[in-house]
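Summary of structural features
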Number of protein chains: 2
Amino acid sequence: MSQPVVYGDAISTYVRSVRLALEEKGVSHTLVAVDLVKGQHKEADHLVRHPWGKMPAFEHDGNSFYEVSAILRYIDEVFPEPALMPATPVGRIRVNQVMSIVDSYGYAASITNIFIPRVLVPSLGGQTDEAQVEAAKPQAALFLKEIGRLLGDASYFGGAAVSLADLLVLPVLTYLRATPEGQALLAATPSIEAWMGRMSERGSVQAVMPAT
Amino acid sequence: MSQPVVYGDAISTYVRSVRLALEEKGVSHTLVAVDLVKGQHKEADHLVRHPWGKMPAFEHDGNSFYEVSAILRYIDEVFPEPALMPATPVGRIRVNQVMSIVDSYGYAASITNIFIPRVLVPSLGGQTDEAQVEAAKPQAALFLKEIGRLLGDASYFGGAAVSLADLLVLPVLTYLRATPEGQALLAATPSIEAWMGRMSERGSVQAVMPAT
C-alpha cells in the first residue's frame, strides 16, 4: 500500500491526532504543510481537499477524505496492529463517547475559546478577549470533570490500552495546559493530569509533539 | 437483554436518529419524554444523564451514556441485523465522514441557524433573526452540495443499504425542508431530494417521523 499523506499544519490538534495514530501503528506518512497562521487552509488548493477549510485532509490508496474521526477510524481499521479501539461494543462505548465529547464540546471550550484567545492571538500581536475566556471556563471545567469521570480508574480511555479517544484528547489538553486557566482546571482533575503524564512517555507523542 | 431506553423529545433530530436505528433493527424501546420546548433537558434530572443538557441520553443492559454517534454505533454493534455500517473500511469512510459532517457543520447550518429561527422561534411567539438565517444559507448549501457529492450515484450513504449516516442526515434535512430556504436549496440538489424520497418510504421513517 502507498504511504498515507496528511495535509495540515503540525501545530493543529486534529493533525496531531491523526499523526499520533499513524505513529502508534508504526506507519510512515508524508505531511504536506498547510500553514494555519497564514490561512492557507482557506485557500483554493486546500478547499478542494476540504470544502469547509479545516484540517487535516487525508489521502491513502486512492481514498481522499477529511474529518478527523473518519480518518482515525480508517487508520485503525486499515493498519491492524496495535488495535486503537477496544474489542467489544461495550468497551467501545467510552471511546466513541469521548471522541464525540471532544468534537461537540471539548475542542471549542479548550482551544477556540481559551487557548486561541489566551496564547495564539497575543502571539500574533492581538489582544485576548477576556470575556470569551471567562465564559469558556465552566465549559472547560465540565469537559475535564466528565472525561475524568469516564476515565475512572482505567489507564486509558481504551481501558488497558491507548485508543483513538486518547489520541484525540491529548493534543487538545496539551494546549489547554499552556494557559493559566487550563493549569488551574487540570490541577482540579488529578486523574486527567496523571493520564497526561502517562501519555507523554509514549514514543508517538515524543515524535509528533516534541515540545510538550 | 433488556429493552433500550431513549431519553429525549420525539421532535429532536438526534432522538429521531437513535429511534430510527432501533426501528431498522426491529428492536422495541421505551421513550422517556424530556420536553425540549419546556427546557426539561436543562433540568437536574436530565443533567445527571447528560451533563451538557443535550439529548438523547440512552440506557441499555446497565450501560448509560450519551452522544448520538456513540449511541448509534452501539446499537449497530449490539443488535446484529441488518448491519447499519458497510462491511469494509473503505466502505465505512463515507459513512463516518458524513456522520462527522452532520455534527461539525450540517446540524448548525440547517437546524440551529435556519430551522429554529425560521420555524420554531415564530411558533413560540418570537421573531426570526433574518441575519442569522441569511448567514447560514451558504453553509447549508455547502452541506447539501458536499453530501450530494459523497452520495454520488449510490442509493444510500451506506452504498446499496441504509447506514447510520442516512439515519443521522434524514431528520436534519426534514426540518431544513420545512423552511423556504431549505426548499430552494434542496431543489438545487436533486440527488439529495431523490434520496429523501427513498428514505421516506421506509417503515422506520413512517414509525418515527409520521408527519414527514
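Residues numbered from 1 in each chain as written. Chains lettered and ligands numbered in written order. Predicted model: local features only at pLDDT ≥ 70, side-chain atom pairs only at ≥ 80, totals over all residues. Heavy atoms only, no water.

Quick look at the domain arrangement of chain A
How big an interface is tends to be stated in terms of accessible area lost as the parts join. Residue and element names in this part refer to chain A. Convention followed: For the purposes of this description, domain bounds are those given by an automatic or database domain assignment. In what follows, a contact means two residues having at least one pair of non-hydrogen atoms within 4.5 Å. The buried area of a pairing is the accessible area, by a 1.4 Å probe, that goes missing from both parts when the two are put together, added over both. Salt bridge, as used here: a side-chain nitrogen of Lys or Arg that lies within 4 Å of a carboxyl oxygen of Asp or Glu. We call two N or O atoms a polar contact when they sit within 3.5 Å, provided that within protein one can donate a hydrogen and the other can accept it, with sequence-adjacent residues counted only if both atoms are side-chain atoms.
Entries for chain A in the domain assignment read domain 1 (5-78) and domain 2 (89-203). On the side of domain 2, 15 residues touch domain 1, which itself brings 14 residues to the contact. Note on domain 1 versus domain 2: buried area summed over both sides is about 1,400 Å², and carbon and sulfur give 66% of it. Considering only the surface of domain 1 that becomes buried against domain 2, Thr 13, Tyr 14 and Glu 24 emerge as the three largest contributors, covering 36% of it. At the junction of domain 1 and domain 2, the tally comes to 1 salt bridge. Across the pair Glu 24 and Arg 202 runs a salt bridge whose closest N-O atoms are separated by 2.8 Å. Applying the counting rule to domain 1 against domain 2 returns 5 residue pairs in polar contact (both at pLDDT 80 or more).

Here's the deal with the nonpolar core
So the rule is basically this: Here, nonpolar core means buried Ala, Val, Leu, Ile, Met, Phe, Trp, Tyr and Cys residues that are tied together by side-chain atoms lying within 4.5 Å of each other. Only protein chains enter the accessibility calculation, which uses a 1.4 Å probe. A residue is then buried if its area is under 20% of the maximum for its type, exposed if over 50%, and partly exposed in between.
Membership of the largest hydrophobic core comes to 70 residues, with the highest contact counts inside it found for Val 18, Phe 58, Ile 147, Phe 157, Leu 173, Ile 192 and Trp 195 of chain B. When residues of this core are assigned to domains, at least three fall in each of domain 1 (5-78) and domain 2 (89-203) of chain B. Membership of the second largest hydrophobic core comes to 69 residues, among which are Ile 71, Ile 114, Val 169 and Met 209 of chain A.

Here's the deal with the side chain of Asp 166 of chain A
Residue and element names in this part refer to chain A. Selection criterion: Numbering of helices and strands runs from the N terminus, with a helix taken as a DSSP run of H or I at least four residues long and a strand as a DSSP run of E at least two residues long. His is not counted, nor are the chain ends; Lys and Arg add positive charge and Asp and Glu add negative charge.
With respect to the helices and strands, Asp 166 occurs in helix α6 (residues 164-176). Within the buried set, Asp 166 has no salt-bridge partner at all; the shortest N-O distance to an opposite charge, 7.4 Å, is to Arg 198. A polar contact of 3.0 Å, which involves the side chain of Asp 166, links it to the backbone nitrogen of Phe 157. Each residue touching Asp 166, except ones within four places of it in the same chain, is listed here: Tyr 156, Phe 157, Gly 158, Ala 161, Trp 195 and Met 199.

Here's the deal with the interface of chain A and chain B
In plain terms, the rule: Throughout this entry, Asp, Glu, Lys and Arg are counted as charged residues, while Ala, Val, Leu, Ile, Met, Phe, Trp, Tyr, Cys and Pro are counted as nonpolar. The remaining residues, Gly among them, count as polar.
With 29 residues of chain A at the contact, the number on the chain B side is 29 residues. A combined buried area of about 2,700 Å² lies between chain A and chain B, and 62% of that area is made up of carbon and sulfur atoms. Sorting the residues of chain A by area buried against chain B places Trp 52, Glu 67 and Tyr 105 of chain A first, and these three jointly supply 26% of that buried surface. Of the charged contacts, one joins Arg 92 of chain A and Glu 77 of chain B as a salt bridge, the two residues approaching to 2.9 Å between their closest N and O atoms. In this structure, the connection of chain A to chain B is made through 12 residue pairs in polar contact (both at pLDDT 80 or more). Residue assignment for the side of chain A that touches chain B shows that the elements contributing at least two residues are β4 (63-66), α3 (68-78), α4 (89-123) and α5 (130-151) of chain A. In the side of chain A that touches chain B, the residues fall into 14 nonpolar, 8 polar and 7 charged.

With respect to the relation of the copies chain A and chain B
Threshold: To line up the copies, we fit them by least squares on C-alpha atoms, keeping just the residues with pLDDT of at least 70 in both.
Superposition record for chain A on chain B: RMSD 0.0 Å, screw rotation 180°, translation along axis 0.0 Å. Taken together, these values place the two copies in the relation of a two-fold axis. When the interface residues of chain A are mapped onto chain B, 100% of them again lie at the interface, so the same face is used by both copies.

Structural notes on the sheet that holds strand β3 (residues 57-60) of chain B
Residues and elements named next belong to chain B. Cut-off, in case you're wondering: We treat two strands as partners when DSSP finds at least two bridges between them. Only C-alpha atoms enter the line fits that serve as axes; for helices the fit covers just the stretch in contact. Angles between N-to-C directions range over 0 to 180 degrees.
Spatial strand order, β2-β1-β3-β4: 4 strands in an open sheet with mixed pairing. Edge positions in the sheet fall to β2 (30-33) and β4 (63-66), since each has one partner strand and no second. Taking each pair of neighbouring strands and ignoring which way they run, the sheet shows an average axis angle of 20°. The pairing of β3 with β4 spans 4 bridges and is classified as antiparallel. By the bridge assignment for β4, Ala 57 is matched with Tyr 66.

Points about a nonpolar patch on the surface
To keep things clear, this is the line we draw: Only residues above 30% relative accessible area that lack a salt bridge enter a patch, with like-charged residues linked at up to 9 Å and the nonpolar side chains Val, Leu, Ile, Met, Phe, Trp and Tyr linked at up to 5 Å. To be clear on the numbers: accessible area is Shrake-Rupley with a 1.4 Å probe, and residue cover counts the displayed protein chains and nothing else.
There is a patch of nonpolar side chains on the surface, built from Ile 11, Leu 36, Val 37 and Leu 124 of chain A and spanning about 320 Å² of accessible area. Of note, Leu 36 of chain A is situated in the loop between β2 (30-33) and α2 (44-49).

Observations regarding the sheet that holds β4 of chain A
All names here are of chain A. One open sheet accounts for 4 strands, arranged β2-β1-β3-β4; its pairing is mixed. Unpaired on one side and paired on the other, β2 and β4 mark the two borders of the sheet. For this sheet, the mean inter-axis angle between neighbouring strands, taken without regard to orientation, is 20°. Note: strand β1 (residues 5-8) against β2, 4 bridges, orientation parallel. Bridged to Val 5 within β2 is Thr 30.

Observations concerning the pairing of β1 of chain A
Residue and element names in this part refer to chain A. What counts here: Viewed with both strands pointing away, a crossover whose connecting path from the first strand over the helix to the second turns clockwise is right-handed.
Across the two faces of β1 the burial is the same, with Val 5 and Tyr 7 and Val 6 and Gly 8 all buried. Between the parallel elements β1 and β2, the chain passes through helix α1 (residues 13-25) in a crossover that is right-handed. As judged from the 3 bridges shared by β1 and strand β3 (residues 57-60), these two strands associate in the antiparallel manner. Paired with Val 6 across the strands is Phe 58, a residue of β3.

Quick word on the confidence of the model for chain A
To be explicit about the condition: pLDDT measures the predictor's confidence residue by residue and takes values from 0 up to 100.
The predicted model of chain A has a mean per-residue pLDDT of 96, with 99% of residues at 70 or higher. Interface confidence for the predicted complex, given as ipTM, is 0.96, next to a pTM of 0.97.

Focus on the packing of aromatic side chains
Basically, it comes down to this: Ring geometry is summarised as follows: Phe, Tyr and Trp rings, the Trp one being its six-membered ring, pair when their centres sit within 6.5 Å, and such pairs are stacked at plane angles under 30 degrees, edge-to-face over 60 and tilted between the two.
This structure, assessed with the given rule, holds 14 aromatic pairs over all chains. Each ring, one from Phe 58 of chain A and one from Phe 65 of chain A, has its centre 5.6 Å from the other, and the planes form 70°; the classification is edge-to-face. Summarising the aromatic geometry, the rings of Tyr 105 of chain A and Trp 52 of chain B are spaced 4.3 Å apart at their centres and angled 5° between planes, so their arrangement reads as stacked. Here Trp 52 of chain B lies in the loop between α2 (44-49) and β3 and Tyr 105 of chain A lies in helix α4, a pairing that spans two chains. We classify Trp 52 of chain B as buried; its relative accessible area is 7%.

Considering helix α7 (residues 180-187) of chain A
Residues and elements named next belong to chain A. To keep it simple, the criterion reads: Think of the arc as the fan of directions from the helix axis to the C-beta atoms.
Among the residues making up α7, those that are buried are Glu 181, Gly 182, Leu 185 and Leu 186. The buried residues of α7 all sit within an arc of 125° when viewed along its axis, so they share a single face. Away from its buried face by more than 90 degrees, α7 exposes Pro 180, Ala 184 and Ala 187. If you follow the buried residues of α7, they end up packed against α4, α5, α6 and α8 (190-200).

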